Amino acid sequence: MAETRSTVTSPAVPATASPQARLAAAASVLGIRQINALLPRNRAGIWAGRGLMATIMAAFGPTLPGTHVRQVRSGAVRGEWVRAAGVPHGDRALYYVHGSGYVVCSARTHRGLASRLSKATGLPVFVLDYRLAPEHRFPAAAEDVAAGYRWLLGNGYRPEDLVIGGDSAGCHLGLDLLLQNIDAGLPQPAGLFMFSPLMDLTLTLAERRDRRQPDPMAPATVGRRLIELYTADEPAQSTRLRLTVPRGAALPPLFVQASAGEMLSDDARHLRDMATAAGARCELELWPGRIHVFQALPLLVPEAAPALRRTADFVASALAEANSIPRERVS
C-alpha cells in the first residue's frame, strides 16, 4: 500500500555566522550565478562557468579535514571514493550522482558534500564523474550512471547494500537508473535520496513555478541554457526527458528534500505524487527559506547539517529494510 509523508521542516539550528555575514555570502553566490548565466555557450564560457561553480562549492561546502579520497578509473567508469575520517570501506556504500545541469560540476566539486554524507552515514561514498555536455550529449550521462551501478555490483556490492543519492539533474539520472533497472531486470538498490530534484528536462514545471514566484538563486532560464546543451539532440516528446513511473513499478523507498521556494519545488511535488500514485513509497520534505541544493553549502546554510542527518536516518532505515527482505522481493 502506498505511503507518503510530506513535511515542512524548519528546525531551530544555531547559525554559524551573523545574519549580515550570511546575507553577504548569499549575495556573492547570487552574483556568481548571475555571471554564470551571462557567460557565452562556447568552450571558453563553459569552462569559465565550471570554474565559477567550483568556486562556490569550495568556498561554502569545503571537504571535511581528514577525508580520504581514492580516484577510480576502470574501463568507462570514472569517479572517486570519498570517506570521512574514521569511515572504513565495508560491504555497504552510497552511490552519488552530482547535479548542475549536466554541464558544470564533477566529482571534485561535490567532494565536500560527499565527505559530509560519509560522516553522517558512516559509509564510503562513490561519486561518479559522468561525461558532461556539450562535449557529450544525451544520453551519455545516463549511460555512465548505469555503467557505474553495474560496476559497483560487479565489484562485490549487493544491491540491497547500496543507496543511491543525487542532487538536481543527478536526481533525474538516479530515477532514470531505477527505471532502466526495471526494463533490464536488474535488482534495485536499497533506496534513493534526492536533493532539489529535477524531474522534467523540458523545464515546464520549473518555468511555471518561476512565473508564480521567481527563484533568484537558480532561475529556470539559467537551468534551461545548461540543460539544452545536453538534450539538444533529443526530441522534445521523448519520454526520458519527462520521466514517468509506471503503476506497480518495483521501486525502492524514495526520500526527497527541496527548498519550498526554489524553482524545482514543483518538480519535487510532482515526483512525490507520481511515485505514490504508482504504489512506491516517497517521503517529501520542503524546507522553507532555503536555496537550491542547500545541503551542499553548510557555511552558507547551517540547516544543511540537520538535513543531512535526516538523510542519514533514511539511509540507515532503507538499508535495514532491504536486508530484512529476501533478495527476490528487493529486485
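What this report covers is the structure whose coordinates are included nearby. (Residues numbered from 1 in each chain as written. Predicted model: local features only at pLDDT ≥ 70, side-chain atom pairs only at ≥ 80, totals over all residues. Heavy atoms only, no water.)

Right, let's talk about the pairing of strand β5 (residues 125-128) for a bit. Of the two faces of β5, the one lined by Val 125 and Val 127 and the one lined by Phe 126 and Leu 128 are each fully buried. Here strand β3 (residues 77-83) runs beside β5; their pairing, made up of four bridges, is antiparallel. Across the sheet, residue Gly 79 finds its bridge partner in β5, namely Leu 128. The sheet contact formed by strand β4 (residues 93-97) and β5 spans three bridges and is parallel. Residue pairing for β5: Tyr 96 is matched across the bridge by Val 127. Following the chain from β4 across helix α3 (residues 111-121) to the adjacent parallel β5, one finds a crossover that is right-handed. (Buried < 20%, exposed > 50% of the residue type's maximum accessible area, 1.4 Å probe, protein only. Helix = DSSP H or I, 4+ residues; strand = E, 2+ residues; numbered from the N terminus. Pairing = 2+ DSSP bridges. Right-handed = clockwise from strand over helix to strand, strands pointing away.)

Counted under the stated rule, the structure contains 10 aromatic pairs. Seen in terms of ring centroids, Phe 126 and Trp 151 are 5.1 Å apart; in terms of plane orientation they differ by 35 degrees. Their pairing is tilted. Note that Phe 126 is positioned in strand β5 and Trp 151 in helix α4 (residues 140-154), a separation of 25 residues in sequence. Pair check on accessibility: Phe 126 and Trp 151 agree, each one buried. Ring centres of Phe 138 and Tyr 230 lie 5.6 Å apart, and the angle between their planes is 70 degrees; this geometry places the pair in the edge-to-face category. Placement of the pair is Phe 138 in the loop between β5 and α4 and Tyr 230 in helix α7 (residues 220-231), with a sequence separation of 92 residues. (Phe/Tyr/Trp six-rings, centres within 6.5 Å; stacked < 30°, edge-to-face > 60°.)

The next point concerns helix α6 (residues 204-212). All buried positions along α6 are accounted for by Leu 205, Ala 206, Arg 209 and Asp 210. Along the axis of α6, the buried residues cluster in a sector spanning 135 degrees; they form a single face. Residues of α6 that are buried in the fold lie against α7 and α8 (265-277). (Arc of directions from axis to C-beta. Contact = heavy atoms within 4.5 Å.)

This brings us to helix α5 (residues 169-184). An ideal rise of 1.5 Å per residue puts 22 Å on 16 residues; α5 measures up with 22 Å between its terminal C-alpha atoms. Burial within α5 is extensive, with 12 of its 16 residues counted as buried. Among all positions of α5, only Ala 169, Gly 170, Cys 171, His 172, Leu 173, Gly 174, Leu 175, Asp 176, Leu 177, Leu 178, Leu 179 and Asn 181 are buried. Considering only its buried residues, α5 is in contact with β4, α4, β6 (162-167), β7 (191-195), β8 (254-259) and α8. Phi for Gly 185, located one or two positions after α5, is positive at around 75 degrees. (Expected span 1.5 Å × (residues − 1).)

A few words now on the packing of α3 against helix α9 (residues 304-322). At a minimum axis distance of 9 Å, the contact between α3 and α9 shows a crossing angle of 55 degrees. Relative to α9, α3 is oriented oblique. Regarding α3 and α9, the two cross each other, and that crossing is right-handed. Judged by residue contacts, Leu 113, Arg 116, Leu 117, Ala 120 and Thr 121 of α3 engage Leu 308, Thr 311, Ala 312 and Val 315 from α9. Tallied by class, the residues present in the contact of α3 with α9 amount to six nonpolar, two polar and one charged. (Axes fitted to C-alpha atoms, helices over the stretch in contact; angles between N-to-C directions. Parallel < 35°, antiparallel > 145°, perpendicular 65-115°, else oblique. Left-handed = near helix turned anticlockwise from the far one by under 90°. Nonpolar A, V, L, I, M, F, W, Y, C, P; charged D, E, K, R; others polar.)

So, on to the pattern of salt bridges. Pairs can form between side chains of opposite charge once their charged atoms are near each other. Using the criterion set out here, one finds 20 salt bridges in the structure. Here Arg 111 makes a salt bridge to Glu 80, at a shortest N to O gap of 2.8 Å. With Arg 111 in helix α3 and Glu 80 in strand β3, this residue pair connects regions lying 31 residues apart in the sequence. Measuring nitrogen to oxygen at the nearest pair gives 3.2 Å for the salt bridge that ties Arg 158 to Glu 160. Classification of Arg 158 by relative accessible area gives partly exposed; the value is 33%. Sharing partners across several salt bridges, the network here consists of Arg 92, Arg 158, Glu 160 and Asp 161. (Salt bridge = Lys/Arg side-chain N within 4 Å of Asp/Glu carboxyl O.)

What follows concerns the pairing of β3. Taken residue by residue, a regular strand's side chains alternate between the two faces of the sheet. Counting buried positions over the seven residues of β3 gives six, a clear majority of the element. Looking at chain direction, strand β2 (residues 68-74) and β3 are connected through seven bridges and run antiparallel. Across the sheet, Arg 73 pairs through a bridge with Arg 78, a residue of β3. Between the end of β2 and the start of β3, which pair antiparallel, lie two residues, with Gly 75 showing a positive phi angle near 60 degrees.

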